[in-house]
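Understanding the architecture of this molecule
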Amino acid sequence: MRLVRFLLRYYPPGIILEYEQGSQTRTRTIDLLDLTERSNIYELVAQLQANEPLITPSKTDQVAKLLLKLQAKLSSPDKHHYNHYKTIRTHVLPVTNVSFNKSGSKFVSGSYDRTCKIWDVETGVEMASLQGHNAEIISIQFNSLGDKVVTGSFDNTVAIWDVETGHKISSLIGHRGEISNAVISYDDTLIGTGSMDKSCKVWDSRSGQCLETLYGHTDEVLDISFDHRGKQLLSVSADATARVFDVGSYKCLATFVGHEREISKGTFNPSGKRVATASSDKTVRIWDINSGKCLQMLEGHTDEVFSCQFNYAGDMLISGSKDNTCRLWKDTNSGKLAGAL
């Protein structure tokens, strides 16, 4: 193996190693979820070198500089005030999804017009038009390197695109219903897809081969997500259940039963040990993966809850609802609401 370069991942903090193995270029992700302002950088470098043969002694100073950049980013004050910067006329029909690349220099937009377009943020110039889907775009995401885009469509397919040329690299064909979501693992090796056909699939991002089809839901799969290590896949469904699958063995590790109506969103906490689900029954629930038990039911919304997400520290959760509010929940012994917006 030969190390090619390091890439920084600011949120959640981590380093991506790009290396050559034989004739193939591969990536490996090192999560640094415990990195804080007080972390001793050179002690951390020594720990990384003990566990990662690609980080040789000759790379000590380079890795230390990268970790210092990460540390500075974590400690920088978050006092942003946003003003309108520019308006870009992107599509002739409504825009369904947008996504930045890692550096923020480009973004991609998807639309009801069945196309995706890649834009230069600074100039507003269209860099590529991704054409090939036969229905509206419902999901869109850059990979971590920013050289590929993955799109999911109501035409039942997922496509992988080359950012530089705009050409389609491959189509992931196999679902028998509309795609509800397509996500990329943090190391860019896997793509997970959920579909209205009640199944999930895991794909090899390089070959486009379907590695496994995951069954168990009795109604449409509405959302899927990988944990931060790419080792587990969460699916939520209109059947009011959520499931966690092990990506290595593809076995179902846990099935979460308790919601009274469909689940629209599911997310892992940063450690990958717990899951939050948002449901049309007006609640958010926190689940333990090992036991499969519901640890807490968060009540307060007066209408369907469409979304939920942990912060990167895992000590706060936000939920968004059809009742026009977002609620912030803190990890305290009482579990009380931290604030409603």
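Whatever comes next refers back to the structure up there.
The subject of this paragraph is the sheet that holds strand 2 (residues 14-21). Judged by pairing direction, the sheet is antiparallel, and its three strands sit side by side in the order 1-2-3 without closing on themselves. The open sheet has two free edges, formed respectively by strand 1 (2-9) and strand 3 (24-31), since each of these has just one partner strand. This sheet shows a mean twist of 25° between the axes of neighbouring strands, independent of strand direction. One ladder, built from eight bridges, connects strand 2 with strand 3; its direction is antiparallel.

Next up on the list: a nonpolar patch on the surface. Together, Val 92, Leu 93 and Tyr 112 make up an exposed nonpolar region whose accessible area comes to about 330 Å². You can see Leu 93 is positioned in the loop between helix 2 (60-75) and strand 4 (95-100). Under the relative-accessibility criterion, Leu 93 is labelled partly exposed at 42%.

Overall, the coordinates contain three aromatic pairs when judged by the stated rule. Seen from their ring centres, Phe 100 and Phe 107 are 6.4 Å apart, and the 70° between their planes marks the pair as edge-to-face. Classification of Phe 107 as buried rests on a relative accessible area of 15%. Plain terms: the ring middles of Phe 256 and Trp 287 are 5.1 Å apart, the flat faces sit at 20° to each other, and that makes the pair stacked. Remark: Trp 287 occurs in strand 22 (residues 284-288) and Phe 256 occurs in strand 19 (residues 252-257); sequence separation between them is 31 residues. The same class applies to Phe 256 as to Trp 287, namely buried. Members of the aromatic cluster, joined through ring pairs, are Phe 100, Phe 107 and Trp 119.

Rules and cut-offs
- Residue numbering note: each chain is counted from 1, following its sequence as written.
- Confidence filtering applies because this is a predicted model: local features only for residues at pLDDT of at least 70, side-chain atom pairs given and counted only at 80 or more, and all residues used for totals across whole chains, interfaces and linings.
- Neither water nor hydrogens contribute to the side-chain values; these are computed over all heavy atoms in the structure.
- Any two strands are treated as partners once DSSP identifies two or more bridges connecting them.
- Note on conventions: DSSP H or I runs of at least 4 residues are helices, E runs of at least 2 residues are strands, and numbering of each starts at the N terminus.
- Fitting a line to C-alpha atoms yields each axis, with helices limited to the stretch in contact; the angle taken between N-to-C directions then spans 0 to 180 degrees.
- Patches were defined on residues exceeding 30% relative accessible area and lacking a salt bridge, with like-charge contacts within 9 Å and nonpolar side-chain contacts (Val, Leu, Ile, Met, Phe, Trp, Tyr) within 5 Å.
- The protein chains shown are the only cover counted for residues, whose accessible areas, like all others here, come from Shrake-Rupley with a 1.4 Å probe.
- Salt bridge, as applied in this entry: a Lys or Arg side-chain nitrogen positioned within 4 Å of an Asp or Glu carboxyl oxygen.
- Throughout, exposure labels follow a simple rule: accessible area from a 1.4 Å probe, protein chains only, divided by the maximum for the residue type, with under 20% read as buried, over 50% as exposed, and the rest as partly exposed.
- Pairing of aromatic rings covers Phe, Tyr and the six-membered ring of Trp, with a centre-to-centre limit of 6.5 Å; geometry is then stacked below 30 degrees between planes, edge-to-face above 60, and tilted otherwise.

Shape descriptors only; they carry no functional weight alone.
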